[in-house]
Amino acid sequence: MKLKQLYARFREWQRNPFHFRPMARKTHQCLNCGHEYEGNFCPNCGQKNSIGRLSWHSVFAKVFDVWDVEKNTLPTTLLHLLLRPGYMICDYLDGRRRPYYSPVMLVFILAIADAIVESFFKVPGIPTPSDSYSTSITAFQGWCDQNEGWSYVIHNFAMLFPTWLLFRYSPRHPRHTFPEAFFILSFISALLLFLEILGDALGTPMKVFQICMIPFVIMFCYGPVFGYGIWGTLWRFFLCLLSGIELILISGITVDIVMGYPFSKDVGYQLMIAFGMTIVLLTVSTIINRYGEHRRKAKQGSQMTDTGWKTQFIVD
C-alpha cells in the first residue's frame, strides 16, 4: 500500500475512529431485575448481558474498574489523545463521551504518573539563584521546577479565560461556553502531561521538549477544535499564552501586597503596564472575533441563497 493511501486511511480514522457492533437480537433475562430484553444491556436496570459467575477475570476487572480501565476507556483515551487530540476533544464536546475517560480524572492520574516517572528517569538539575522580586512568584517558580507536570496544568488553566474569550467565535465551535473551555483545557493539560511522561522516559532534554510541544498543541489541538487557519490559530494561541502568564504574575503580586511582602516597585509597574496592554489586546481581539463572526454569517447567508445548503467558513 502506498504512503499516500496509508495517510488517507489514517486521516479517515482520525475523523471517524469508532465502528460499533450491532445490537444483539438474542433474548436475555436480566440476573439483577428479572426483566426479559433484547440487546447488550438491560433497559430496566442497565446491567450488562454478559454478567455470569464470578471468576478470576471478575477479580481483576473489579480491581481495575477503580480507574475505569476494565471498560477500556483509559487506554482508548490515551491512544486518541496522542494520535487525534483535536478530533477527540471535538467528539467529547459534540456528545460522544462514552468511549473516553473523564478528562479531570485523567489529569490527576497522569500528574501522579509524571511524578513517578520523573523520580526514575529525570536527572535533577542544579538550582540557580533567582532575581525575582516577589516572594509568592519565587516560591511558585521553585515549586514549578520541582513539579513540572503540575506546573503545565496550572499554566494551562491560567489560559482558561483568555481561551474562552479569544476562541469564543470560532468557526467550528461558535459560542462555546466557559465549562466547555474548561474541558478543552483539561484534555490539553492531560496531553501535555502525557507528552512529558514520554519525554522523560525517552530522556528528551526539557528545552527540546518545550520547543516541540507548542507547535504540536497548536496544530493538533487548537486547530481541529476551533477551525481557524494557521495564522488565525497562532496569534490567538500566543495571546492566550501571554495573558495566562500575566495573570499568574499579577496574582503573585496581589498575594504579596495582601501579605505585606516587599517587592520592587519598578518591576511591579512594568508588570502592571504589561497586564494593561494584555487587557487592551484581549479587547481588540474580541472585536476582531466579533467582526469575523459577522463576516462568516453574511457569507453563509449569501451561499445559502446561491447554492442551497452549501456553506463555507471564512478563516481569519
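Residues numbered from 1 in each chain as written. Predicted model: local features only at pLDDT ≥ 70, side-chain atom pairs only at ≥ 80, totals over all residues. Heavy atoms only, no water.

## Describing the overall build of the protein
Link 1 in the chain: Check the secondary structure of the protein and you find 12 helices and two strands.
Link 2 in the chain: Ordered by position from the N terminus, the helices and strands of the protein form the series α-β-β-α-α-α-α-α-α-α-α-α-α-α.
Link 3 in the chain: Here the protein holds 316 residues, and the buried ones make up 38% of them.
Link 4 in the chain: Pairs at least 24 apart in sequence give 65% of the contacts found in the protein among residues at least 6 apart.
Link 5 in the chain: Element-wise, carbon and sulfur atoms account for 65% of the exposed surface of the protein, whose accessible area totals about 19,500 Å². (Helix = DSSP H or I, 4+ residues; strand = E, 2+ residues; numbered from the N terminus. Buried < 20%, exposed > 50% of the residue type's maximum accessible area, 1.4 Å probe, protein only. Contact = heavy atoms within 4.5 Å. Areas by Shrake-Rupley, 256 points an atom, 1.4 Å probe, with all protein chains shown as cover.)

## A word on the packing of helix H4 (residues 85–93) against helix H9 (residues 178–202)
Link 1 in the chain: Running from N to C, H4 and H9 cross one another at 145°; their axes reach a closest spacing of 10 Å. Considering how the two elements wind past one another, H4 and H9 form a crossing that is right-handed. Residue-level contacts link Pro-85, Met-88, Ile-89, Tyr-92 and Leu-93 of H4 to Glu-180, Phe-183, Ile-184, Phe-187, Ile-188 and Leu-191 of H9.
Link 2 in the chain: Across the contact of H4 with H9, the residue classes tally to 10 nonpolar, no polar and one charged. (Axes fitted to C-alpha atoms, helices over the stretch in contact; angles between N-to-C directions. Left-handed = near helix turned anticlockwise from the far one by under 90°. Nonpolar A, V, L, I, M, F, W, Y, C, P; charged D, E, K, R; others polar.)

## Focus: the packing of aromatic side chains
Link 1 in the chain: For the structure on display, the rule yields 14 aromatic pairs.
Link 2 in the chain: Their ring planes at 45° and their centres at 5.3 Å tell us that Phe-167 and Tyr-222 sit as a pair that is tilted. Taken together, the residues Phe-167 in the loop between helix H8 (160–166) and H9 and Tyr-222 in helix H10 (residues 206–226) connect sequence positions 55 residues apart.
Link 3 in the chain: In textbook terms, an aromatic cluster arises when at least three aromatic residues are bridged by ring pairs, as seen for Phe-167, Tyr-222, Phe-226, Tyr-228, Phe-237 and Phe-238.
Link 4 in the chain: Stacked on the ring of Tyr-92, the Lys or Arg Arg-97 has its end atom at 5.4 Å from the ring centre.
Link 5 in the chain: When the ring centre of Tyr-228 is taken as reference, the NZ or CZ atom of Arg-236 above it lies at 3.7 Å. (Phe/Tyr/Trp six-rings, centres within 6.5 Å; stacked < 30°, edge-to-face > 60°. Lys NZ or Arg CZ within 6 Å of the ring centre and 35° of its normal.)

## What to know about the pattern of salt bridges
For side chains bearing opposite charge, pairing can occur when the charged atoms are close.
Link 1 in the chain: In total, this model carries one salt bridge according to the counting rule given.
Link 2 in the chain: Note that Arg-84 is salt-bridged to Asp-91, the shortest N-O span being 2.9 Å. Side by side, Arg-84 and Asp-91 carry an identical accessibility label, which is buried. (Salt bridge = Lys/Arg side-chain N within 4 Å of Asp/Glu carboxyl O.)

## So, the side chain of Asp-91
Link 1 in the chain: Position of Asp-91 among the secondary structure elements: in helix H4.
Link 2 in the chain: Engagement of the side chain of Asp-91 in a polar contact is seen with the side chain of Tyr-100, the distance being 2.9 Å.
Link 3 in the chain: Those residues in contact with Asp-91 that sit more than four places away from it in its chain are Phe-18, Arg-84, Arg-96 and Tyr-100. (Polar contact = N/O pair within 3.5 Å; in protein donor to acceptor, adjacent residues only side chain to side chain.)

## With respect to the nonpolar core
Link 1 in the chain: In this structure, Leu-106, Leu-110, Ile-188, Val-217 and Tyr-222 are the most contacted members of the largest nonpolar core, which totals 50 residues.
Link 2 in the chain: At the level of secondary structure, the elements contributing two or more residues to this core comprise helix H3 (73–83), H4, helix H5 (103–121), helix H7 (148–157), H8, H9, H10 and helix H11 (230–259).
Link 3 in the chain: No other element matches H9, which puts 12 residues into this core. (Core = buried A, V, L, I, M, F, W, Y, C linked by side-chain atoms within 4.5 Å.)

## Focus on the confidence of the model for the protein
If pLDDT is low for a region, its predicted coordinates should not be looked at in detail.
Link 1 in the chain: When pLDDT is averaged along the protein, the result is 75, and 69% of the positions lie at 70 or above.
Link 2 in the chain: For the protein, per-element mean pLDDT is lowest for helix H12 (residues 265–307), which scores 64, and highest for H4, which scores 91.
Link 3 in the chain: Confidence over residues 125–133 falls short of pLDDT 50; this stretch has 11 contacts with residues more than four positions distant or in other chains.
Link 4 in the chain: Between residues 304–316, whose pLDDT stays under 50, and residues either more than four places distant or in other chains, the model counts 26 contacts. (pLDDT = per-residue confidence, 0-100.)

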